[in-house]
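A look at the structure
Here are the chains, one letter per residue:
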Amino acid sequence: MTRQLALTAMAALAFTPAAGAQSNPSFASGRPPHGVAAIGAANADATVEPRRPDFINGTAVYPFADGTIYRVYTAPERVTDIALQPGEILIAVASGDTVRWVIGDTASGTGAEKRVHVLVKPFSAGLSTNLVITTDRRTYHIALASTGGPAMAALSWSYPQDALLAIRRAQEAAAAAAPVAAGLEIERLDFGYSISGDRPSWRPLRAFDDGRQTFIEFPPSLAVGEAPPLFLVDRKGEAQLVNYRLRGRYYVVDRLFDNAELRLGAKRQQVVRISRIGRRSS
């Protein structure tokens, strides 16, 4: 009898869920948190805390990323300066608690270097709220906390995406400004091409090749209008798009061709034909 009771008790223990599983259905099912628990987990993962390497003198400088929540520690009788990007225009500042926090904004600098500063100060320690700052460029999400200890003097951001875009634009501008003739051997240039057909404002001035690439030169008006696509035309008269790139006023085609057409328009299509005159002598 004693043995039977012991076996029954062990079986009951084996099939009794743990206390944590009884109180947490997600734990029991192995599913990720949802509802309020999911919100809390997401906010915690998105929050960036200040670290010693983030500071330049007394200013914490964070790399900006959309959707990130930046923790800012403040203290009573201390003003914390949240500095935006130079030239950024402030649209609105919203806070979850405007009763126990003093929040205002000011600016420094002029012209393109004018910079908005959002200033925050708590009435007492132990407070927390959030701050949303919207500008003409982005939205900042900030988690404010007040302590009885030291306060952050200032906070600003670096903008990696803007830096990458600036580098890319500079490279594109440099490539466009580079002379198309750079690296070409004058004695290898062949100008044996004829240009016929319609006479739109963008009609090419000339075409030539260096034995490897074909160059089509356009008038300056190409920069102020729509650029025509280039088609290669085979012996059957069938046209197909060809890859080319625009450098200044030139189309650069990484191949040679006998016939090509520039076409622009739908109902009244303008067509300019470029044809090689004879064959290059070897």
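Cut-offs and rules
- Residues numbered from 1 in each chain as written.
- Predicted model: local features only at pLDDT ≥ 70, side-chain atom pairs only at ≥ 80, totals over all residues.
- Heavy atoms only, no water.
- UniProt positions renumbered as here; feature names shortened; annotations may be inferred.
- Buried < 20%, exposed > 50% of the residue type's maximum accessible area, 1.4 Å probe, protein only.
- Helix = DSSP H or I, 4+ residues; strand = E, 2+ residues; numbered from the N terminus.
- Pairing = 2+ DSSP bridges.
- Polar contact = N/O pair within 3.5 Å; in protein donor to acceptor, adjacent residues only side chain to side chain.
- Contact = heavy atoms within 4.5 Å.
- Phe/Tyr/Trp six-rings, centres within 6.5 Å; stacked < 30°, edge-to-face > 60°.
- Axes fitted to C-alpha atoms, helices over the stretch in contact; angles between N-to-C directions.
- Salt bridge = Lys/Arg side-chain N within 4 Å of Asp/Glu carboxyl O.

As recorded in an unreviewed UniProt entry, the chain goes by P-type conjugative transfer protein TrbG and comes from Sphingomonas spermidinifaciens. Turning to the chain, the UniProt annotation filed under Sequence similarities (unreviewed entry) states: "Belongs to the TrbG/VirB9 family."

**Topic: the pairing of strand E14 (residues 214-217)**
Side chains Thr214 and Ile216 project from E14 onto one buried face, and the interleaved Phe215 and Glu217 project onto a second face that is buried too. Here strand E13 (residues 206-209) pairs with E14 via four bridges, running antiparallel. Looking across to E14, one finds that alanine 207 is bridged to isoleucine 216. The hairpin formed by E13 and E14 contains four residues between the paired strands, and glycine 211 there has a positive phi angle of roughly 90 degrees. In this structure, E14 lies alongside strand E18 (residues 250-253), joined through four bridges in antiparallel fashion. Each residue of the ladder has a partner; that of phenylalanine 215, found in E18, is valine 252.

**Remarks on the sheet that holds strand E1 (residues 47-48)**
Strand order across the open sheet formed by five strands is E1-E4-E10-E9-E6, with mixed pairing between neighbours. Looking at strand neighbours, the two that pair on one side only are E1 and strand E6 (90-95), the edges of this open sheet. Bridge count for strand E4 (residues 69-74) against strand E10 (residues 139-146) is six bridges, and the pairing is parallel. Note on E10: the bridge partner recorded for threonine 74 is serine 146.

**Concerning the side chain of threonine 129**
Within the fold, threonine 129 resides in strand E9 (residues 128-135). Separated by 3.1 Å, the side chain of threonine 129 and the backbone nitrogen of aspartate 97 make a polar contact. Look past the residues within four positions of threonine 129 in its chain and what remains in contact with it is Ser95, Gly96, Asp97, Trp101, Ile142, Ala143 and Leu144.

**Here we look at the packing of aromatic side chains**
For any pair of aromatic rings, the description consists of the separation of the ring centres together with the inter-plane angle of the planes. For the coordinates displayed, the defined rule picks out twelve aromatic pairs. Taking the centre distance of 5.5 Å and the plane angle of 80 degrees together, the rings of tyrosine 70 and tryptophan 157 count as edge-to-face. Taken together, the residues span a long stretch of sequence, with tyrosine 70 in strand E4 and tryptophan 157 in strand E11 (residues 154-158) at a distance of 87 residues. Taken individually, tyrosine 70 and tryptophan 157 each receive the classification buried, so the pair is uniform in this respect. With a centroid separation of 4.6 Å and an interplanar angle of 55 degrees, the aromatic rings of phenylalanine 218 and tyrosine 251 are classed as tilted. A residue pair is termed long-range when its members are at least 10 positions apart, and phenylalanine 218 in the loop between E14 and strand E15 (230-233) and tyrosine 251 in strand E18 qualify at 33 residues. Grouping residues by exposure puts phenylalanine 218 and tyrosine 251 together as buried.

**Looking at unusual backbone geometry**
Trans is the common state for peptide bonds, and a negative phi is the common state for residues other than glycine. Its identity is not glycine, yet asparagine 57 carries a phi of approximately 55 degrees, on the positive side. Of note, asparagine 57 is situated in the loop between strand E2 (55-56) and strand E3 (59-63). Judged by its relative accessible area of 76%, asparagine 57 is exposed. Not every positive phi belongs to a glycine, and glutamate 77 is a case in point at roughly 65 degrees. With respect to the secondary-structure elements, glutamate 77 resides in the loop between E4 and strand E5 (80-83). Here glutamate 77 falls in the exposed class, since its relative accessible area comes to 70%.

**Description of the sheet that holds E14**
Pairing in this open sheet of four strands is antiparallel, and the strands run E13-E14-E18-E17 from one edge to the other. Looking at strand neighbours, the two that pair on one side only are E13 and strand E17 (245-247), the edges of this open sheet. Averaged over all pairs of adjacent strands, the angle between strand axes in this sheet comes to 25 degrees, irrespective of strand direction.

**A word on the pattern of salt bridges**
In this structure the tally under the stated criterion is twelve salt bridges. Note that arginine 268 and aspartate 198 form a salt bridge whose closest N and O atoms lie 3.8 Å from each other. Taken together, the positions of arginine 268 in the loop between strand E19 (259-264) and strand E20 (270-276) and aspartate 198 in the loop between strand E12 (193-197) and E13 put the pair 70 residues apart, joining distant regions of the chain. The exposed category is assigned to arginine 268, whose relative accessible area is 59%. Here aspartate 198 falls in the partly exposed class, since its relative accessible area comes to 25%. Among the salt bridges present, the one from arginine 249 reaches glutamate 217, with a minimum N-O distance of 3.6 Å. Of the two residues, arginine 249 sits in the loop between E17 and E18 while glutamate 217 sits in strand E14, which places them 32 residues apart along the sequence. Of the residues examined, arginine 249 reaches a relative accessible area of 31% and is grouped as partly exposed. The exposure class of glutamate 217 is buried, given its relative accessible area of 7%. The network of salt bridges with shared partners includes Arg206, Glu217 and Arg249.

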